[in-house]
Amino acid sequence: MSLRYLTAGETHGPQLTAIIEGLPSNLNIDFEELNFQLHRRQKGYGRGRRMQIEKDQANFVGGIRHGYTTGAPVALVVQNNDWKHWQNIMNIEPIEGSDEEKRRVHRPRPGHADLNGGLKYNLKDLRNVLERSSARETTVRVACGAIARQFLAEFGIKVAGRVLRIGEIEAPYQDLPIDELIEVTEASSVRVTDAETEKKMEAYIDQIKQEGDSIGGIVECIVEGVPVGLGSHVQYDRKLDARIAQGVMSINAFKGVEIGIGFEAGTIRGSQVHDEIMHSEERGYHRATNRLGGFEGGMTNGMPVVVRGVMKPIPTLYKPLQSVDIDTKEAFTAQVERSDACAVPAASVVMEHVVAWEIAKAFLEKFGGDSMEEIRANFANYNNQLENY
Ligand SMILES: Cc1cc2nc3c(=O)[nH]c(=O)nc-3n(C[C@H](O)[C@H](O)[C@H](O)COP(=O)(O)O)c2cc1C
Ligand SMILES: C=C(O[C@@H]1CC(C(=O)O)=C[C@@H](OP(=O)(O)O)[C@H]1O)C(=O)O
């Protein structure tokens, strides 16, 4: 059985839930580290009031004993603190005497799932769509990814992320060793590597917010220590670059994915794109450059995996856009109560965890076993095979 997870829960409901299946036994879970990753997702300049209400923590309710996985499905929940303000609106049972009509959402917001979901599921209260389409769900995706990240760390694989651009402001690209990149971006409110860009981006986000607008950006994830040969060229759905692309595109508001230089590859010559193959005693086979972001033929090539994603501007705007009421079919301009102005730094944390998940899944497919000990032995055996190749 390959590694998988399902999530459930609404943004203003009592909690989010995830069930992970396919984790090996005897993986040590560092709960503090996992909650730190949830905390990182909540940070980032430009987020709205909701993030002050939530203090995300994962509670495990299955599959772990005394800090170690047992091989059983892992179940975890994250409470929504905001639930207490929404209980009446979100109640599962009918509430006697409540004015259903008053709480019904019938004005779809442009850029959200509201209208498509209402039409598709035949729901006249669009809250039934928006509650689940909210990026609140990315909390438990990060929790699942944080477990994948801890699993990968056992094999020396490290994950970092950074913001490359917010709207008109591009961050200078600094090629830092991965530990330094993790440290420096962690200290930055917008997850960039230099203080000057950080200041510029903060002021820019403030300005956009003041103008009642929102802004998106471009983020990058780097994974180092990935062995050669994860994924496969032999079948479309085994190509790991394609699976990573699907994961990234599934993050709310993501509109594009690149591996390595990505779209730039269509603008320059082959000699400027392909990475020359080298061999040395210490490094074995490697590439002179890493323009293709660690992939050839849907398989990792041992170079760092480099993935970029683009996030559109937040759709809910204080400067309202026009839409159509589903009851009257009349035009109105959407009203806003609260929203993030920019969630690009937060989304870059989500992306790290989505990428970590896909790599962990492919790692388990290649070196799979039911316990960590079995996987370690399989991994050592493969490394031995590579050394003798
Ligand atoms: C971390 C994060 C936070 C977000 N916060 C908001 C928000 O506060 N307001 C909003 O309108 N959209 C927000 N979004 C984006 C919407 O969830 C998303 O655009 C919407 O569900 C429609 O999905 P699509 O853009 O993928 O088509 C956020 C996305 C992410 C990743
Ligand atoms: C709750 C989170 O993000 C939310 C994602 C979101 C959306 O429409 O996607 C809308 C906002 O929620 P609300 O409407 O309650 O203010 C964000 O705060 C979170 O990231 O944990």
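Conventions and cut-offs
- Residues numbered from 1 in each chain as written.
- Chains lettered and ligands numbered in written order.
- Predicted model: local features only at pLDDT ≥ 70, side-chain atom pairs only at ≥ 80, totals over all residues.
- Heavy atoms only, no water.
- Helix = DSSP H or I, 4+ residues; strand = E, 2+ residues; numbered from the N terminus.
- Polar contact = N/O pair within 3.5 Å; in protein donor to acceptor, adjacent residues only side chain to side chain.
- Contact = heavy atoms within 4.5 Å.
- Buried < 20%, exposed > 50% of the residue type's maximum accessible area, 1.4 Å probe, protein only.
- Pairing = 2+ DSSP bridges.
- Near = heavy atom within 4 Å.
- Areas by Shrake-Rupley, 256 points an atom, 1.4 Å probe, with all protein chains shown as cover.
- Nonpolar A, V, L, I, M, F, W, Y, C, P; charged D, E, K, R; others polar.
- UniProt positions renumbered as here; feature names shortened; annotations may be inferred.
- 1 Å grid on protein atoms, 1.4 Å probe; cavity = no way out; pocket = protein on both sides within 12 Å on 5 of 7 lines; lining within 4 Å.

Examining the side chain of Gln-37
Among the structural elements, Gln-37 can be located in helix α1 (residues 31-42). One polar contact links Gln-37 to Arg-40, side chain to side chain, over a distance of 2.6 Å. Once residues within four sequence positions are removed from consideration, Gln-37 is found in contact with Val-142, Ala-146, Arg-149, Val-349 and His-353.

Quick look at the pairing of strand β7 (residues 158-166)
Burial analysis of β7 places seven of its nine residues in the buried class, which makes it a mostly covered element. Sheet analysis places β7 next to strand β9 (residues 217-224), joined by eight bridges and oriented antiparallel. When the sheet's bridge partners are listed, Arg-165 is paired in β9 with Ile-218. The pairing of β7 with strand β8 (residues 169-170) spans two bridges and is antiparallel. Bridge pairing in β8 links Arg-165 to Glu-170. Here β7 folds back onto β8, and the loop between the two strands holds two residues, one of which, Gly-167, carries a positive phi near 50°.

A look at the site of ligand 2
Residues in close proximity to ligand 2 include His-12, Arg-41, Arg-47, Arg-50, Met-51, His-112, Ser-134, Ala-135, Arg-136, Thr-139, Arg-338 and Asp-340, which together make up its full environment. Take Ala-135: an N or O atom from its main chain is 2.7 Å from an oxygen atom of ligand 2. Here Arg-136 contributes a side-chain N or O atom positioned 2.8 Å from an oxygen atom of ligand 2. Against a free-state accessible area of 470 Å², the protein chains account for coverage of 85% of ligand 2. Looking at the shell around ligand 2 residue by residue, the classes come out as two nonpolar, four polar and six charged.

Here we look at the UniProt feature "binding site: FMN" (unreviewed entry) in the chain
On the UniProt side, "binding site: FMN" (unreviewed entry) is annotated at positions that read Arg-132, Ser-133, Ser-134, Asn-252, Ala-253, Gly-297, Lys-312, Pro-313, Ile-314, Pro-315, Thr-316 and Arg-338 here. On the basis of their most widely separated C-alpha atoms, the annotated residues across 207 residues do not gather in one place, lying as much as 44.9 Å apart. The subset of the named residues that lines the largest cavity consists of Pro-315 and Thr-316. Structurally, Ser-133 can be placed in helix α6 (residues 127-133). In this structure Ser-133 comes out as partly exposed when scored by relative accessible area, which is 25%. Once you skip the residues sitting within four places of it in the chain, Ser-133 turns out to touch Ala-113 and Asn-252. Structurally, the position occupied by Ser-134 is in the loop between α6 and α7 (138-153). Among all residues touching Ser-134, those that are not within four sequence positions of it are Thr-11 and Asn-252.

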